[in-house]
Amino acid sequence: MGGRISELGEMLAARNIDALDGAVFDLGLSSYQIDDPSRGFSFRLDGPLDMRMGREGRDAAMIVNLCPESELADILYKYGDEKAARRVAKAVVERRKVQKFATTADLAGVIRSVVRPDKSGIDPATRSFQALRIAVNEELSDIETALEQAAALLKPGARLVVVSFHSLEDRIVKHFFAEQAGRKPAASRHDPAGLKPTVAPLFKLVKSAPVLPGLAEIRANPRARSAKLRALERLAA
Ligand SMILES: C[S@@+](CC[C@H](N)C(=O)[O-])C[C@H]1O[C@@H](n2cnc3c(N)ncnc32)[C@H](O)[C@@H]1O
């Protein structure tokens, strides 16, 4: 069964599935996609500036070559937390006037020319590439819709388990789960009252803190280092 997670409800209804014994979302990109240069997700491997998970709709080249400078800067800042978003957008717009972008290495080169490496040691192109990927695939709105649909279909006692890989994804999951469990996110850790359920919730958090990968797992699979697993359980009706 293939399709966008935001179409989960329709896909299940089409198969006469009206309730779930459980659901697992393993968000983000697969290693196959990252390691396949022809998909255009990686700034390490040169390939077409694509980044589409589903291979339809607008690709990254369309955003980079057509988006107004301010919109491009907003995408880089909002979805990549790129502090140099305006500088990157300006450099991209200057360059595309001369020559359109077609490959990942080309774009990564221009980004690296205006973003200095910082203490984190991550490639200066990382945040911009993450931002473009999220924008191309409308990942955050898809996650919000899919969480709502999956939670609504859980049978009593069933669990919704989500593995996220960056803070934007995890923030959506954390807030949705807290809301469903009747817990408004504590305004601050000095506000334990915020942890008390306000209405009779239909769900409970399986654990209030996310499950994180252990050292052995990170050594075996460094890409798991930023993973966070959260689980929500439907209470008896
Ligand atoms: C982290 S990978 C899952 C890897 C899988 N658990 C495995 O072990 O091979 C996430 C997968 O979800 C897909 N995906 C991401 N966002 C999606 C969305 N909005 N709708 C449908 N699939 C999506 C990606 O294309 C990718 O194949």
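Residues numbered from 1 in each chain as written. Predicted model: local features only at pLDDT ≥ 70, side-chain atom pairs only at ≥ 80, totals over all residues. Heavy atoms only, no water.

Undergrad: Looking at this model, I keep getting lost on helix α5 (residues 85–98). Mind explaining?
TA: Residues three or four positions apart in an α-helix share a direction because the helix packs 3.6 residues into each turn. With 14 residues, α5 ought to run about 20 Å at 1.5 Å a step, and its terminal C-alpha atoms sit 21 Å apart, in line with that. Turning to α5, its buried residues are Ala85, Val88, Ala89, Ala91, Val92, Val93, Arg95 and Arg96. For α5, the secondary structure elements touched by its buried residues are α3 (60–66), α4 (69–80), α6 (104–114) and α7 (126–137). (Helix = DSSP H or I, 4+ residues; strand = E, 2+ residues; numbered from the N terminus. Expected span 1.5 Å × (residues − 1). Buried < 20%, exposed > 50% of the residue type's maximum accessible area, 1.4 Å probe, protein only. Contact = heavy atoms within 4.5 Å.)

Undergrad: Is there a simple way to think about α7 in this case?
TA: For α7, spanning 12 residues, the distance from its first C-alpha to its last is 17 Å, which sits close to the expected 16 Å at 1.5 Å a residue. Counting buried positions over the 12 residues of α7 gives nine, a clear majority of the element. Along its buried surface, α7 packs onto α3, α4, α5, α6, α8 (139–153) and α9 (167–180). Backbone geometry just downstream of α7 places Glu138 in the positive-phi region, at approximately 45°.

Undergrad: Looking at this structure, how should I read the packing of α4 against α5?
TA: Between two packed helices, what matters for the description is the angle formed by their axes and the separation of those axes. In the contact formed by α4 and α5, the axes pass within 8 Å of each other and the chain directions differ by 135°. For the element pair α4 / α5, the angle class is oblique. Between α4 and α5 lies a crossing of right-handed hand. Where α4 approaches α5, its residues Glu69, Leu72, Ala73, Asp74, Leu76 and Tyr77 are matched on the opposing element by Ala85, Arg86, Val88, Ala89, Lys90, Val92, Val93 and Arg96. Classifying every residue of the contact of α4 with α5 gives nine nonpolar, no polar and five charged. (Axes fitted to C-alpha atoms, helices over the stretch in contact; angles between N-to-C directions. Parallel < 35°, antiparallel > 145°, perpendicular 65-115°, else oblique. Left-handed = near helix turned anticlockwise from the far one by under 90°. Nonpolar A, V, L, I, M, F, W, Y, C, P; charged D, E, K, R; others polar.)

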